[in-house]
Amino acid sequence: MNGNQADDRVIVFDTTLRDGEQAPGASMNYAQKLTVARALASLGVDVMEVGFPVASPGDFQAVEAIARQIDGPIIAALARCNRPDVDAALKALAPAARRRVHVFLATSPIHREFKLKMTPAEVVRVATGAITYARERCDDVEFSAEDAARTELDFLTEVVERAIEAGANTINIPDTVGYAMPAQFGDIIRHLRKNVRGIEKVVLSVHCHDDLGMAVANSLSALQAGARQVECTVNGIGERAGNCSLEEVVMALRTRQDYFGLRTNIRTQQLSSASRVVSGATGFHVARNKAVVGQNAFAHESGIHQHGMITHALTYEVMKPEDVGFKSTNLVLGKHSGRHALTARLRDLGYQLEPQQIDRVFDELKKLADKKKEIYDGDLDALLVGLFQNGTARRWELASLNAVSGTGTLPSAAVSLLSRDGRKLDEAATGDGPVDAVFKCIERITGVKVRLRDFTIASVTAGEDAQGEVVVVVEHEGRTYRGRGLNTDIVMASAEAYLEVINRIAAGRLQRKTPPEPEVVCGAV
Ligand SMILES: [Zn+2]
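What counts and what doesn't
- Residues numbered from 1 in each chain as written.
- Predicted model: local features only at pLDDT ≥ 70, side-chain atom pairs only at ≥ 80, totals over all residues.
- Heavy atoms only, no water.
- Helix = DSSP H or I, 4+ residues; strand = E, 2+ residues; numbered from the N terminus.
- Rg over C-alpha atoms; globule rule 2.2 N^0.38 Å.
- Buried < 20%, exposed > 50% of the residue type's maximum accessible area, 1.4 Å probe, protein only.
- Areas by Shrake-Rupley, 256 points an atom, 1.4 Å probe, with all protein chains shown as cover.
- Lys, Arg positive; Asp, Glu negative; His and termini not counted.
- Charge placed at Lys NZ, Arg CZ, Asp CG, Glu CD.
- Donors = N, O, S within 2.8 Å, 3.2 Å for Na, K, Ca; no water.
- Tetrahedral: all angles 85-135°; square planar, octahedral: opposite > 155°, others 65-115°.
- Pairing = 2+ DSSP bridges.
- Axes fitted to C-alpha atoms, helices over the stretch in contact; angles between N-to-C directions.
- Contact = heavy atoms within 4.5 Å.
- Phe/Tyr/Trp six-rings, centres within 6.5 Å; stacked < 30°, edge-to-face > 60°.
- Lys NZ or Arg CZ within 6 Å of the ring centre and 35° of its normal.

1. Examining the overall build of the chain
No. 1: If you tally the helices and strands in the chain, you get 18 helices and 16 strands.
No. 2: Rg of the C-alpha trace for the chain: 24 Å, near the compact-globule value of 24 Å for 525 residues, within the 12% margin.
No. 3: Dimensions of the chain, computed from the C-alpha atoms along their principal axes, are close to 75 × 65 × 45 Å.
No. 4: Within the chain, the proportion of its 525 residues that are buried is 55%.
No. 5: Summed over its atoms, the accessible surface of the chain is roughly 23,000 Å², and 51% of this surface lies on carbon and sulfur atoms.
No. 6: Put simply, the chain has 62 plus and 67 minus side-chain charges, and the middle of one group is 3 Å from the middle of the other.

Next up, the structure:
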């Protein structure tokens, strides 16, 4: 796809599993990453960046598993400009049919001086050395000039030219700190296209952060100026204020095709499903008023709007809800729906499951249908995110739970947990509320002490019998852990979420040999 700057095709490079996952508290386990990777492949992203293999053994394993199991998109992994990083990326990517090594080095004066302590000449030497090394071992190499938006234009021009000479096929221009403004960012791209020798041989890419709310606008401006790859994440998750949102940039290009004259290969009908999968896996709920995928994105309350809507939908809507996968009725299944209906619905939503996995989903749905009259797409997505967690060793299981609360009663709970060695342990406690009492019981039984940082409840779908999704974020020995529980009973969902956190901490204690080196994970594009 090199040299296609004149082409109207935009390459969608998704980095939900790398940059998105770097958002504080968004870390996903192995099974969750695979679920998200499948959703992304089904969505039709061209490239998916799935990790930073040298950062931790967990990252390495996840990249390798995705490289082995996911077909279709190019699988990319991040590396700093040194041989051990590039070697780790190549090794993790080895099973992929199509793979890309993504190397990065900061180019801005502030990063050169305070972080890298390198002169401009050294930056060029280190970057080109790593690109050459990677290119000798992989046909597809991307180079990112970290903090490009705050780099002197002349120096950026030089770095990009030298990176192309060294063999990079894609050149990424990140606004790492979310500082650029749309017109200015577009001018940077125009400047590079005009002044860099050999620029026509590569794909120019952009990677924008949302610190000033400009990530999508800056990305669109860059595409208009000739960039042909956009780096983005589902729901716009990412470090600090996040990254360019995939669904927004894709729907802007599609809805305003008349203006941009550009197209992507994204199956937009799967955007809302992908959004739910990512929010389920990360525990980051999507704001109701979020463009494109928020629950209210297509809801109309005002009488005037409703009248207009009934007369002609386009009076107040620039997109059709079904274009992004919202159905006027997204009812999937009731108590009496069969396996056939479920299989068809899963396929529509973009899930490719093995027959035995469909059996498991079907069993779980039947259990859910006993508690809940109607089952929606949202229920299905939420269930799938939590279901395939094989291989996650669970130290504790919930055996039983009773909680009492009410006016004039001291909230209390009694909890029984089953330990992996078969012991059953009981505790009772009082608390500020039933959930607090349950947490105290679990803490006493397991002996794991944590500090609760965040606790959120959201309903997965509409209706009085909707499932509640509880996300808890806790701190334990300087690390952050997140757990998720899903149940029509929110006290049960809270207990499940809390127990997931405790199990993760227990599993981490067994696995961890040496603490990860902090320098490795800090700083990225
Ligand atoms: Zn980034």
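2. Observations concerning the coordination of the zinc ion
No. 1: The coordination sphere of the zinc ion contains the protein donors Asp19 (OD), His207 (NE2), His209 (NE2) and Val525 (O), at a distance range of 1.9 to 2.2 Å.
No. 2: The coordination sphere of the zinc ion comprises four donor atoms, whose angles at the metal cover 89 to 134°; the geometry is tetrahedral.
No. 3: Donor residues for the zinc ion sit on one chain with the sequence pattern D-x187-H-x1-H-x315-V. Of the two residues, aspartate 19 is situated in the loop between strand 1 (11-14) and helix 1 (30-43) and histidine 209 in the loop between strand 7 (203-208) and helix 8 (215-224); the sequence distance between them amounts to 190 residues.

3. Observations regarding the sheet that holds strand 2 (residues 47-49)
No. 1: What the eight strands build is a closed barrel, ordered 1-2-3-4-5-6-7-8; its pairing is parallel. Each strand axis lies, on average, 25° off the axis of its neighbour in the sheet, ignoring direction.
No. 2: As paired elements, strand 4 (residues 99-106) and strand 5 (residues 141-146) share six bridges and run parallel to each other. Within strand 5, the residue paired with alanine 106 across the bridge is glutamate 146.
No. 3: The strands touched by helix 6 (residues 153-166) within the sheet are strand 5 and strand 6 (170-175), with strand 6 carrying the most contacts at an inclination of about 150°.

4. Considerations on the packing of aromatic side chains
No. 1: Within the structure shown, the criterion is met by five aromatic pairs.
No. 2: For the pair phenylalanine 52 and phenylalanine 104, a centre-to-centre distance of 6.2 Å together with 70° between the ring planes defines the contact as edge-to-face. In this pair, phenylalanine 52 sits in the loop between strand 2 and helix 2 (57-69) while phenylalanine 104 sits in strand 4, placing the two residues 52 residues apart along the sequence.
No. 3: Among the aromatic residues, those joined into a cluster by ring pairs are Phe439, Phe455 and Tyr498.
No. 4: Sitting over the face of the ring of phenylalanine 155, arginine 112 holds its NZ or CZ atom 4.8 Å from the ring centroid.

Shape is all these values report; function is a separate question.
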